[in-house]
Amino acid sequence: MRVVAIVVSLAITAVAVALAVKAVKDMVAVIRKGQPAIGRTDNKGARWANMFKETLGHTRMLQWTWIGVMHWFVFAGFIFLSSMVLGAYFQIFDAHQALPIIGHWVIWEWPAELLSWLTLIGIVYLIAVRQKNHPRSLGRKSRFFGSTFWQAYFVETIIFLVVLCGFTLRTLEYAMEKAHGADDLTFHYPMTFFLGDLWDGLSVDTMETLVYTIAMIKIVVSMTWLITIARNITMGVAWHRFTAWFNIWFKRESDGSTALGGLEPIYIKGKALDLEDMDDLEEEDFAKLGVGKVEDFTWKGILDFTTCTECGRCQSQCPAWNTEKPLSPKLLMMGLRDHAYAKLPILGQDEDTLTDEQKTELERPLIGNAEAYGVIDPDVLWSCTNCGACVQQCPVDIEHVDHIDDMRRFQVLVESNFPAELNNIFKGLERKGNPWGMDPKGRMDWAKKLDFEVKQVGVDVEDLDEVEWLFWVGCAGAFEDRAKKTTQAVAELLDMAGVTFAVLGDGETCTGDPARRAGNEIVFQQLAMQNAEVFKETKVKKVVSTCAHCFNTLKNEYAEFGVELEVVHHTQLLNRLVREGKLTPVAPTAETETKKITYHDPCFLGRHNQVYEPPRELLSVIPGAEFTEMPRNSEKSFCCGAGGARMWMEETLGSRINVNRTEEAIATGADQIAVGCPFCRVMLSDGLTLKQSEGAAREEVEVLDVAQMLLAGVKRAPSAEETAAVVAEAEAATSSVAGASSGSGGPDEVTDIDKAAAAASNIDVDDAGSRTGDAPEARSDDNAPAADATPDDSATEETPAEPVEATATSDQSATDETPAEPVEATATTDETPAEPVEATATPDEPADDRDASEKEQAAWANVGPVNADLTPSDDASTGSTSEESSSASAKASGDKDPGDTTDPETELVPEESDDEPELPATKDPDEMPAETVTGAPDETEPVEEDAREEEAGIIAVEDVESTADPVSEDAAPLSDANPSGADLSKAAGAGDTADDEDEQPKS
């Protein structure tokens, strides 16, 4: 038996080694067919350290804790127990021979036995996991869907048999030594001696024969594995044991971080593409603008494909795959690997020597549908949102996003073959500097509603040396109505904290993120070069941005253009200000309503830049906040669906990504869904609107930026009792001196009564009656007459009024925007009911002889409205009634084109007058942005809704309570090119559209 064992073992080993050597040569030859990979050998020390950390420490595998632990057992067993296979070669010659020198060392024997048991436990566990998650029961939801199962079963079986043979040999070694009378065997066989006792009664010769047989079987099994993988060099589930070490060492970032953040530039002849050198390119160089053939990938890309283990972690996290779209990062890598190893070995060979199948593979297009026999279907390529979940999850550092965007570049720049919706954003970016094609002159419109000056570079300050921060507003923050609320909130918070900042205004243009992620590298470079030049001229050093996409691009990609910036996200800066005590949220009172809040991690803030804690820390200090996480959060957060230029592309396949994420947020029971990116806000707001229209979400649920929530926490609205107390005190003071006040002087003379009324509302006034301190001045139209008053202001002041209840509503109250009715009590919305905040004089108080107008003026002058920021955009020049505006909004939401250059902020305020206002001619709804529209004031009398509340020293929270229809300001234009699409528009617009609902948190 020993002779047979020796012959068989050596023969199969020779064959296996020969085939393995050839396989390695073939693999290396294929990988070397790729293009040069720039910057993959820098900082060698850090690369070695990271490689050993990720492999030996299994740091990336441990993202899935128990699977990572069990895989480490198998991994360690494969390395350590390979020595036991080596020991088998000694045992086929001598059954009593152990490994030379270390064979009987306790420091080897104990770990060997321990790892044998752990490897056995690990492989059994992993087999069970694969069966539990098998596609036969889970279908597409299985992360193993599409994996090559025979290969996985083969590898698992080999590992199990090798470990089993190892145990058998150890027990036989124990039994033979015991038969020879050796002492203290349990010390050398601490975990197998009890199994060795099973061989008692067998002769030594029999046990020696068994050793020869088992050792031979162990060698045959191991060499069968080697032969099999040598004949299948695309068998990533086996080859990753060798290639992963190299793939991790050559990863994009030498510091060990993932290949996320900025995209790599296009390299031509070893140099990054530079628009200034485009004229020097040769004709064949233009075919290198991206990846159009598999040989255009870098050698690192082909190594990525080779290393894919088919574990499916990327697939399980991919938002496209999870919403029934054809993109699976795993299947993408597998398809590219199979094509590379089929085409590259025969590339350049004489066609006469090729088979028909090989000729077909050579001519096969990289991107093409099934009819064209393409390797990658266009729907697969354009379904990617660039969220980075695949890269984050991959345990062997495959760079999926870079490969996808390289293929997109070729399709856009060379083939001009891309989704039609992208035409609009490319034109808008080239002509107007923003993807919506809006007029750049409107970039400062968001600041018109603020009651402090926002400094603009080139207008108010010469350069950024005069202030601390450049506030990068971004295209969404300047033009998209919901994002404007975030921009205003951040500006207000920075002003409150005493942080000096300036904006570029119309000197700002898009960072180029949508163009680059869509594959249009030329437009990206044009925009980036323009911005970089502005940064250099204005001496920009520190930038704060509210858009996660702008933040990522400025932080990670603008260094290519010669600018070094300190870029922070607004949640990072605001969190810093809170920690420093420059922003202090108001302590909650007994009246403060507890609200459950959940947070959605923007992909380009979280996974791409590892910013997870600052937004959560801010939410934790908001008064009355009860924070709850969604199941998929932080590194495993689910995309909103807007990245990778998908914001401007319709979802025609599968279900909607944004709805999937919204359903998860709603399921937490949250009252408010916090976001940190305007793209996320648009997508989740659209998803919420749809679910509310279907009755699957509560009407009071809202999507808000973290900054808005913090602003509401810093500027708490007064409670009902506080409001009633201030109003009652002011009315009592006014009534008690009514006679003295009328005879004490002219209207401009300041009396003690005036000062007393101001003091009741914590307003400091000087002897001239002006408000002092840092608060803004009161606006001139604060005392506009009520509907029943005469146009003469002096007459209005002298007219007595009847006692009146003052009730504030949650939406579009009559305090600032609508004419006050001379009836008792209530300022209401057109359609939306709200809970009143009443301030009623007690029966014991003297009757108030003033008319309703004067009574209301006095009350609001001292209290300020409970609702803040109720005035919609003041850019509009036309108006309509609430009913007309509602229908206009509904029509516009279906007809709005994303390239329309109409100013997006068209919310208007009805003009106050004695009679029903005459409606001016209204714009064609088709020309208006799809936002809810209300009436407008005369442009000569701007309505600044914050002035009264500032005079009263009370800062109110927007949207105290809303019962408005969800299809309001949070309903984005739902056109065919909109991310929520025409079908969503039909569903969401089924009901009537209520008045616009401001988006500050409800208190």
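An unreviewed UniProt entry lists the protein chain under the name 4Fe-4S dicluster domain-containing protein, from Aeromicrobium ginsengisoli.

Asks: Account for the overall build of the protein chain, naming residues and giving values.
Replies: Tallying secondary structure elements over the protein chain gives 37 helices and 11 strands in all. When burial is assessed residue by residue, the protein chain has 57% of its 1003 residues classed as buried. Across the protein chain, contacts joining residues at least 24 apart in sequence account for 81% of those joining residues at least 6 apart. Carbon and sulfur atoms make up 54% of the accessible area of the protein chain, which amounts to about 40,100 Å² in all.

Asks: If you had to explain a negative patch on the surface to someone new, which residues and values would you point to?
Replies: On the surface, Glu-276, Asp-277, Asp-279 and Asp-280 cluster together to form a negatively charged patch. You can see Asp-280 is positioned in the loop between strand 2 (271–272) and helix 12 (299–307).

Asks: With reference to specific residues and values, describe the sheet that holds strand 6 (residues 542–545).
Replies: The parallel open sheet is built from 5 strands, whose spatial order is 3-5-4-6-7. A single partner strand is all that each edge strand has here, and the edge strands are strand 3 (455–456) and strand 7 (566–569). Set on the sheet, helix 25 (residues 570–579) makes contact with strand 4 (469–472), strand 6 and strand 7; between it and strand 7 the angle comes to about 85 degrees.

Asks: Please provide a residue-by-residue account of the environment of Ile-376, values included.
Replies: By the secondary structure assignment, Ile-376 is in the loop between helix 15 (356–363) and helix 16 (378–382). In the structure, Ile-376 is positioned 10 residues away from Leu-366 in sequence and 6.0 Å away in space, judged by C-alpha atoms.

Asks: Outline the environment of Val-621, supporting the account with residue identities and numerical values.
Replies: As for its placement among the helices and strands, Val-621 is situated in the loop between helix 26 (613–620) and strand 9 (625–628). Overall, Val-621 belongs to the partly exposed group, its relative accessible area being 33%. Each C-alpha atom of the pair Val-621 and Thr-584 lies 8.9 Å from the other, and the pair is 37 residues apart in sequence. Once residues within four sequence positions are removed from consideration, Val-621 is found in contact with Val-578 and Pro-585.

Asks: Kindly report on the sheet that holds strand 8 (residues 595–599), identifying the contributing residues and their values.
Replies: In space, the 4 strands of this open sheet follow the order 9-8-10-11, with parallel pairing throughout. The open sheet is flanked by strand 9 and strand 11 (702–705), the only strands paired with a single partner. Ignoring which end each strand starts from, the neighbouring axes of this sheet average 35 degrees apart. Note that strand 10 (residues 672–675) and strand 11 share 4 bridges and pair parallel. Bridge pairing links Val-675 to Asp-705 in strand 11.

Asks: Report on the nonpolar core, specifying residues and quantitative values.
Replies: Core analysis: the biggest nonpolar cluster contains 194 residues, and Phe-297, Leu-336, Met-407, Trp-446, Val-454, Phe-535 and Leu-574 have the highest contact counts within it. Top element by residues in this core is helix 10 (residues 204–230). It accounts for 13 residues. Not counting the four nearest positions on each side in its chain, Leu-574 is found in contact with Leu-493, Leu-494, Leu-583, Leu-618, Ala-707 and Leu-710.

Asks: Please provide a residue-by-residue account of a nonpolar patch on the surface, values included.
Replies: Nonpolar side chains collect at one region of the surface, where Trp-48, Phe-52, Leu-56 and Ile-79 lie side by side and expose about 390 Å² of accessible area between them. Per-element accounting of the nonpolar patch gives the leading share, 3 residues, to helix 2 (residues 44–56). As for its placement among the helices and strands, Ile-79 is situated in helix 3 (residues 65–80).

Asks: Help me get a handle on the state of the cysteines, residues and values and all.
Replies: Taken as a whole and judged by the stated rule, the model has 0 disulfides. Looking at Cys-510, it has no disulfide partner, and the nearest cysteine sulfur is the one in Cys-475, 4.0 Å off.

Asks: For the pairing of strand 9, give the residues involved together with the corresponding values.
Replies: In the sheet, strand 8 pairs with strand 9 via 4 bridges, with the strands oriented parallel. Within strand 9, the residue paired with Thr-598 across the bridge is Thr-628. The parallel pair strand 8 and strand 9 is bridged by helix 26, and the resulting crossover is right-handed.

Asks: I'd like a rundown of the pairing of strand 10, residues and numbers included.
Replies: Look at any regular strand and the pattern is simple: side chains alternate between the two faces of the sheet. What you see with strand 10 is no split at all: Gln-672 and Ala-674 on one side and Ile-673 and Val-675 on the other are buried throughout. After leaving strand 10, the chain enters helix 28 (residues 678–693) and then returns to the sheet as strand 11, a path that is right-handed.

Asks: With reference to specific residues and values, describe the side chain of Glu-310.
Replies: Here Glu-310 shows up in the loop between helix 12 and helix 13 (313–317). On the basis of relative accessibility, which here comes to 4%, the residue Glu-310 falls in the buried class. From its side chain, Glu-310 meets the backbone nitrogen of Thr-148 in a polar contact 2.8 Å long. A polar contact is formed between the side chain of Glu-310 and the side chain of Arg-337, at a distance of 2.7 Å. With residues up to four places along the chain from it excluded, the contact list for Glu-310 reads Phe-144, Ser-147, Thr-148, Gln-151, Lys-330, Met-334 and Arg-337.

Asks: Got a sec to walk through the confidence of the model for the protein chain? Specific residues and values, please.
Replies: The pLDDT averaged across the protein chain works out to 78; a share of 72% of its residues lies at or above 70. The model gives residues 739–751 a pLDDT under 50, and that stretch makes 8 contacts with residues more than four places away or in other chains. Low confidence marks residues 855–1003, where pLDDT is under 50. Its contacts with residues over four positions away, or in another chain, come to 463 contacts.

Asks: Before we move on, can you summarise the packing of aromatic side chains with the specific residues and values?
Replies: Scanning the model with the defined rule gives 27 aromatic pairs in all. Residues Phe-193 and Phe-194 carry aromatic rings whose centres are separated by 5.7 Å and whose planes lie at 85 degrees to one another, so their mutual orientation is edge-to-face. The partly exposed category is assigned to Phe-193, whose relative accessible area is 27%. Put simply, the rings of Trp-48, Phe-52, Trp-249, Phe-250 and Trp-299 touch in pairs and so form one group of aromatic residues.

Asks: An account of the UniProt feature "transmembrane region" (unreviewed entry) in the protein chain is needed here, citing residue identities and associated values.
Replies: Here, the residues flagged by UniProt with the feature "transmembrane region" (unreviewed entry) are residues 61–81, 114–129, 150–169 and 210–230. Secondary structure across residues 61–81 divides into 76% helix and 0% strand, with the first and last C-alpha atoms of the span separated by 21 Å. Within the segment residues 114–129, helix and strand shares are 100% and 0% respectively, and the terminal C-alpha atoms sit 23 Å apart.

Asks: Got a sec to walk through the pattern of salt bridges? Specific residues and values, please.
Replies: Inspection of the entire model under this criterion finds 53 salt bridges. Taking the shortest distance from any N to any O, the salt bridge between Glu-156 and Arg-130 comes out at 2.8 Å. In this pair, Glu-156 sits in helix 7 (residues 149–179) while Arg-130 sits in helix 5 (residues 106–132), placing the two residues 26 residues apart along the sequence. In terms of burial, Glu-156 and Arg-130 fall into one category: buried.

Asks: Would you mind going over helix 18 (residues 400–413) in detail, with residue names and values included?
Replies: Between its terminal C-alpha atoms helix 18 stretches 20 Å, which fits the 20 Å expected from 14 residues at 1.5 Å a residue. Among the 14 residues in helix 18, 12 count as buried, and that is most of the element. Three or more residues of helix 18 are buried, namely His-400, Val-401, Asp-402, His-403, Ile-404, Asp-405, Met-407, Arg-408, Arg-409, Phe-410, Gln-411 and Val-412.

Asks: Explain the side chain of Thr-307 to me, using residue names and the numbers behind them.
Replies: On the secondary structure map, Thr-307 appears in helix 12. Here Thr-243 takes part through its side chain, which lies 3.3 Å from a polar atom of the side chain of Thr-307.

Asks: An account of the packing of helix 26 against helix 29 (residues 706–714) is needed here, citing residue identities and associated values.
Replies: Put simply, helix 26 and helix 29 touch, their axes get as near as 9 Å, and they point 30 degrees apart. The orientation of helix 26 with respect to helix 29, classified from their angle, is roughly parallel. Judged by the sense of rotation from one axis to the other, the crossing of helix 26 with helix 29 is left-handed. Each of Pro-615, Leu-618 and Leu-619 in helix 26 lies in contact with helix 29, whose residues at this interface are Val-706, Met-709 and Leu-710.

Rules of the game
Residues numbered from 1 in each chain as written. Predicted model: local features only at pLDDT ≥ 70, side-chain atom pairs only at ≥ 80, totals over all residues. Heavy atoms only, no water. Helix = DSSP H or I, 4+ residues; strand = E, 2+ residues; numbered from the N terminus. Buried < 20%, exposed > 50% of the residue type's maximum accessible area, 1.4 Å probe, protein only. Contact = heavy atoms within 4.5 Å. Areas by Shrake-Rupley, 256 points an atom, 1.4 Å probe, with all protein chains shown as cover. Patch = residues over 30% accessible without salt bridge, like charges linked within 9 Å, V, L, I, M, F, W, Y side chains within 5 Å. Salt bridge = Lys/Arg side-chain N within 4 Å of Asp/Glu carboxyl O. Lys, Arg positive; Asp, Glu negative; His and termini not counted. Charge placed at Lys NZ, Arg CZ, Asp CG, Glu CD. Pairing = 2+ DSSP bridges. Axes fitted to C-alpha atoms, helices over the stretch in contact; angles between N-to-C directions. Core = buried A, V, L, I, M, F, W, Y, C linked by side-chain atoms within 4.5 Å. Disulfide = S-S within 2.5 Å. Right-handed = clockwise from strand over helix to strand, strands pointing away. Polar contact = N/O pair within 3.5 Å; in protein donor to acceptor, adjacent residues only side chain to side chain. pLDDT = per-residue confidence, 0-100. Phe/Tyr/Trp six-rings, centres within 6.5 Å; stacked < 30°, edge-to-face > 60°. UniProt positions renumbered as here; feature names shortened; annotations may be inferred. Expected span 1.5 Å × (residues − 1). Parallel < 35°, antiparallel > 145°, perpendicular 65-115°, else oblique. Left-handed = near helix turned anticlockwise from the far one by under 90°.

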